[in-house]
Amino acid sequence: MADRFEPHNQDLREHELSSWWESGLLPGTPPLASPSGNYRGSPDVAANQSQDIPIEASCSLWVTGLPPDCTIRQLLSRIRSAGKIFTSNITPPDDDNQTSAAKVVFWDRAGLDRFLNQYVWGSFTFHNYKPIVAMNRIRVGPQPPSNRSRVLRIIGPYSIANREYLEQYFNKHFYYQLEDVVMIHHNQVTGEARIEFRFSSYRAQAVSAVTWIHRARDENPDAIEGMTEEQIAQWKKVRYFYGPDPCASA
């Protein structure tokens, strides 16, 4: 059973903080933790292998003690005023673990450090569960500064730029998880809509969505298979841009 969180147990938090300082692990370097054997990422994929960088430069965390039914939406919605997320995923319980775990990789080290500061002072909680945050042994370096993010804003005819249609289209071509989908605007007169997809990861998810948007616009055969002539024409009007990551804002 996961540790129970006591919201007013400040002495425990101060003890944990002082322990990290005494171990030379702060600022921003909690103890190392290994991913569960139930982690779904393939170790043979280069992107899933540890980079040859100092632990102080890594942007990857391993979170344990999450609720057994924890979702990406529940996880990411509790990360605010920290930094952009590069990638995240949840490992569900298995025979050896009754709680869920998660890999969370920030875009840069500054975002990770801000989140660690929030965690140390008790801001990262799940009702009766007290997650444990540690540096992931699989090290991931920072990403170059850019306006790119896991959040994609798609603009175009409402027949394309709506949740039902885009989820069906994306599901055909790549695996993804969502924190949320928000319809930002739908002009009933012009028929134009703007919708925001908050993927759990920039890597492989938002990137894949961009790839398949381009393939549909370019009338690539594997993208437009099964589409009507009208849908193919409507895709030509679709455009996108990256939106702000809510994990980086208040």
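Source: prediction; values computed, not measured.

Here is what the cut-offs are and how they apply
- Residues numbered from 1 in each chain as written.
- Predicted model: local features only at pLDDT ≥ 70, side-chain atom pairs only at ≥ 80, totals over all residues.
- Heavy atoms only, no water.
- Buried < 20%, exposed > 50% of the residue type's maximum accessible area, 1.4 Å probe, protein only.
- Helix = DSSP H or I, 4+ residues; strand = E, 2+ residues; numbered from the N terminus.
- Pairing = 2+ DSSP bridges.
- Axes fitted to C-alpha atoms, helices over the stretch in contact; angles between N-to-C directions.
- Parallel < 35°, antiparallel > 145°, perpendicular 65-115°, else oblique.
- Contact = heavy atoms within 4.5 Å.
- Phe/Tyr/Trp six-rings, centres within 6.5 Å; stacked < 30°, edge-to-face > 60°.
- Lys NZ or Arg CZ within 6 Å of the ring centre and 35° of its normal.
- pLDDT = per-residue confidence, 0-100.
- Salt bridge = Lys/Arg side-chain N within 4 Å of Asp/Glu carboxyl O.

Q: Please clarify how the pairing of strand β5 (residues 132-136) should be interpreted in this entry.
A: The two faces of the sheet receive side chains in turn, since in a regular strand these alternate between them. The buried fraction of β5 amounts to 4 of the 5 residues, a majority that puts the element mostly inside the structure. One ladder, built from 4 bridges, connects strand β2 (residues 60-66) with β5; its direction is antiparallel. Paired with Leu61 across the bridge in β5 is Met135.

Q: Would you explain the packing of helix α4 (residues 163-173) against helix α5 (residues 202-217) in this entry?
A: Packed helix pairs are specified by the crossing angle of their axes together with the interaxial distance, meaning the distance between the axes. Relative orientation of the contacting elements α4 and α5 amounts to 100°, with a least axis distance of 11 Å. Judged by the inter-axis angle, α4 sits roughly perpendicular to α5. Residues Tyr169, Phe170 and His173 of α4 form the contact with α5, whose participating residues are Ala209, Trp212, Ile213 and Ala216.

Q: Got a minute to help me understand the packing of aromatic side chains in this structure?
A: In this description, an aromatic ring pair is defined by two values, namely the gap between the centres and the angle between the planes. Per the stated rule, a full pass over the model turns up 19 aromatic pairs. Both rings, one in Tyr169 and one in Trp235, keep their centres 5.0 Å apart while their planes meet at 45°; by these two values the pair is tilted. Separated by 66 residues along the polypeptide, Tyr169 in helix α4 and Trp235 in helix α7 (residues 229-235) bring together distant segments of the chain. Relative accessible area serves as the criterion here: at 3%, Tyr169 is assigned to the buried category. Among the residues examined, Trp235 registers a relative accessible area of 0% and is labelled buried. Here the aromatic residues Tyr165, Tyr169, Phe170, Phe174, Tyr176, Phe197, Phe199 and Trp235 are joined through ring pairs into a cluster of three or more. One residue, Lys84, lies across the ring of Trp107, its end atom 3.9 Å from the ring centre. Over the aromatic face of Trp212 sits the side chain of Arg215, whose NZ or CZ is 4.9 Å from the ring centroid.

Q: Looking at this structure, I do not really get the confidence of the model for the protein chain. What am I missing?
A: Should pLDDT be low for a region, the predicted coordinates there are not to be read in detail. The predicted model of the protein chain has a mean per-residue pLDDT of 86, with 81% of residues at 70 or higher. For the stretch residues 1-31, pLDDT sits under 50, and the model shows 58 contacts to residues farther than four places along the chain or on other chains. The low-confidence segment residues 36-41 (pLDDT under 50) makes 15 contacts with residues lying over four places distant or belonging to another chain.

Q: Looking at this model, I keep getting lost on the pattern of salt bridges. Mind explaining?
A: Where charged atoms from two side chains of opposite charge approach closely, those side chains can pair. Taken as a whole and assessed by the stated rule, the structure comprises 11 salt bridges. A salt bridge links Arg163 to Glu167; its shortest N-O distance comes to 2.9 Å. Of the two residues, Arg163 and Glu167 both sit in helix α4, 4 residues apart, roughly one turn of that helix. With a relative accessible area of 40%, Arg163 lands in the partly exposed category. As a salt-bridge pair, Arg239 and Glu192 come within 3.4 Å of each other at their nearest N and O atoms. One end of the pair, Arg239, is in strand β9 (residues 239-242); the other, Glu192, is in strand β8 (residues 192-199), with 47 residues separating them in the sequence. Take Arg239: its relative accessible area is 42%, and that puts it in the partly exposed class. Glu192 sits in the partly exposed class, given a relative accessible area of 31%. Overlapping salt bridges bring together Arg80, Arg150, Glu179 and Asp245 as one network.

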